[in-house]
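# Summary of structural features
Each chain, letter by letter, is given below.
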Amino acid sequence: MNILITGGTGFIGTKLCSVLHKQHHRLVVVTRHPEKAKSAAKVNVVSDESSKGSVKFISSLQKIKKEEVFDAVINLAGEPIADKRWSNVRKQEILNSRLDTTSSLIEYFNETEHKPKLFISGSAIGYYGIAESNESIDEYGSGDNSFSSELCQQWEALAVEAETLGIRTCLLRTGVVLGKNGGALSKMLPPFKLGLGGKIGSGKQWMSWIHLDDLVGIILHCIVNEEVKGAINGTAPEPKTNADFSQSLGKALNRPTVLPMPAFVIKLLMGNMGEELLLAGKKIIPAKALATGYVFKYPKLDAALVDIVS
């Protein structure tokens, strides 16, 4: 297949591109720094762009040739949401980085004569909001007026415009992604390795996690299964509370987890970002992935953590 990818040089995108490349798909990756991405790519960049398994890096959608035809477009672009405290300026940067790229893709779909069959656009389980609940939530759950929820709602509302053009559209609501060399664990591992880890706040908030291999697997599942469309949760079948997650991580590292991080410290250090991303969490289940036949490689947290930290 010919596949266009935005955000292909990030934590998720790098793994996805590597897997698609090994499957001999032809990739065009949009990145702000093509030469830098080319030298850092964990794939073999093939000079013959028409060959199977070739990868081409471009700086903008305007660089796409008019005769180019894509089978699928995967949109993973966006500023990291958890790397800095949320000021009003930072919130706008996070919002713009998602809406601007998605808007440009919708514009491209409108203008191109050869529209893709599939559009997979990133989103997040932040869509479901921050109100406390122990109920399992599937893709039909609703959002609220928190920043993370409104961000995802606006992002998805823009992406779903592709459906009016006859393009099958999947909205990938990603959970806490666990993998090597990046993602949520990259910030959690140092204190836990030193035996300084523990639950955050009450520890009762849910962590709807997923192994990076399974998130990529769900993306591939969306590509090959034409029945999959609309929102799809990128989470594992068994969410854990933060306290249980902390215990499992300590077990995987053979370290104690007796030093909790009080809620007031999180609020003091991280403000609104900490309140929404660390002190709140919903019990999200991947109902659509399971109903359409996706088989998880890592359905259990303990096995996922052992694979990553071993």
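You'll find the structure just up there.
Residues numbered from 1 in each chain as written. Predicted model: local features only at pLDDT ≥ 70, side-chain atom pairs only at ≥ 80, totals over all residues. Heavy atoms only, no water.

Following the criterion strictly, the structure yields 10 salt bridges and no others. Of the charged contacts in the structure, one is a salt bridge between aspartate 213 and lysine 15, with a shortest N-O distance of 3.5 Å. One end of the pair, aspartate 213, is in helix α6 (residues 212–224); the other, lysine 15, is in helix α1 (residues 11–22), and 198 residues separate them in sequence. On the basis of relative accessible area, aspartate 213 is assigned to the partly exposed category, the value being 21%. For lysine 300, the salt bridge goes to glutamate 238, with nearest N and O atoms at 2.6 Å. Remark: glutamate 238 occurs in the loop between β12 (230–234) and β13 (240–241) and lysine 300 occurs in the loop between α9 (287–291) and α10 (301–309); sequence separation between them is 62 residues. (Salt bridge = Lys/Arg side-chain N within 4 Å of Asp/Glu carboxyl O. Helix = DSSP H or I, 4+ residues; strand = E, 2+ residues; numbered from the N terminus. Buried < 20%, exposed > 50% of the residue type's maximum accessible area, 1.4 Å probe, protein only.)

Right, let's get into the state of the cysteines. Joining two cysteines, a disulfide is a covalent bond between their sulfur atoms. Scanning the entire structure with this criterion turns up zero disulfides. Cysteine 222 provides the cysteine sulfur closest to cysteine 152, a residue in no disulfide bond, and the two sulfurs are 16 Å apart. A relative accessible area of 3% places cysteine 152 in the buried class. (Disulfide = S-S within 2.5 Å.)

Leu20, Ile74, Ile120, Ile218 and Ile223 are the most contacted members of the largest nonpolar core, which has 32 residues in total. Counting residues per element, the ones that place at least two in this core are β1 (2–6), α1, β2 (26–30), β3 (55–58), β4 (72–75), β5 (118–124), β7 (168–174) and α6. For this core, the element with the highest residue contribution is α6, accounting for eight residues. Contact partners of isoleucine 120, with chain neighbours within four places excluded, come to Val73, Ile74, Asn75, Cys170, Leu172, Ile219, Cys222 and Ile223. (Core = buried A, V, L, I, M, F, W, Y, C linked by side-chain atoms within 4.5 Å. Contact = heavy atoms within 4.5 Å.)

The next subject is the packing of aromatic side chains. Per the stated rule, a full pass over the model turns up five aromatic pairs. Judged by centre distance (5.4 Å) and plane angle (80 degrees), the ring pair of tyrosine 127 and tyrosine 128 falls under edge-to-face. The same class applies to tyrosine 127 as to tyrosine 128, namely buried. Ring centres of tyrosine 294 and phenylalanine 296 lie 4.9 Å apart, and the angle between their planes is 85 degrees; this geometry places the pair in the edge-to-face category. Site record: aromatic cluster; members linked through ring pairs are Tyr108, Phe109 and Phe119. One cation-aromatic arrangement involves arginine 98 over tryptophan 155; the distance from NZ or CZ to the ring centre is 5.1 Å. The lysine or arginine in question, arginine 173, covers the ring of tyrosine 127, its NZ or CZ lying 3.6 Å from the ring centre. (Phe/Tyr/Trp six-rings, centres within 6.5 Å; stacked < 30°, edge-to-face > 60°. Lys NZ or Arg CZ within 6 Å of the ring centre and 35° of its normal.)

The next thing to look at is the environment of threonine 6. Within the secondary structure layout, threonine 6 lies in strand β1. Residue threonine 6 is classed as buried on the basis of its relative accessible area of 2%. Each C-alpha atom of the pair threonine 6 and leucine 105 lies 9.4 Å from the other, and the pair is 99 residues apart in sequence. If we ignore the near neighbours within four places in the chain, the residues touching threonine 6 are Val30, Ile74, Asn75, Leu76, Ala77, Thr101 and Leu105.

What follows is about unusual backbone geometry. In the Ramachandran plot, histidine 24 falls in the positive-phi region, its phi being about 70 degrees despite a non-glycine side chain. As for its placement among the helices and strands, histidine 24 is situated in the loop between α1 and β2. Overall, the relative accessible area of 52% leaves histidine 24 in the exposed class. A positive phi angle, close to 60 degrees, is found at asparagine 181, a residue other than glycine. Within the secondary structure layout, asparagine 181 lies in the loop between β8 (176–179) and β9 (182–183). With a relative accessible area of 77%, asparagine 181 lands in the exposed category.

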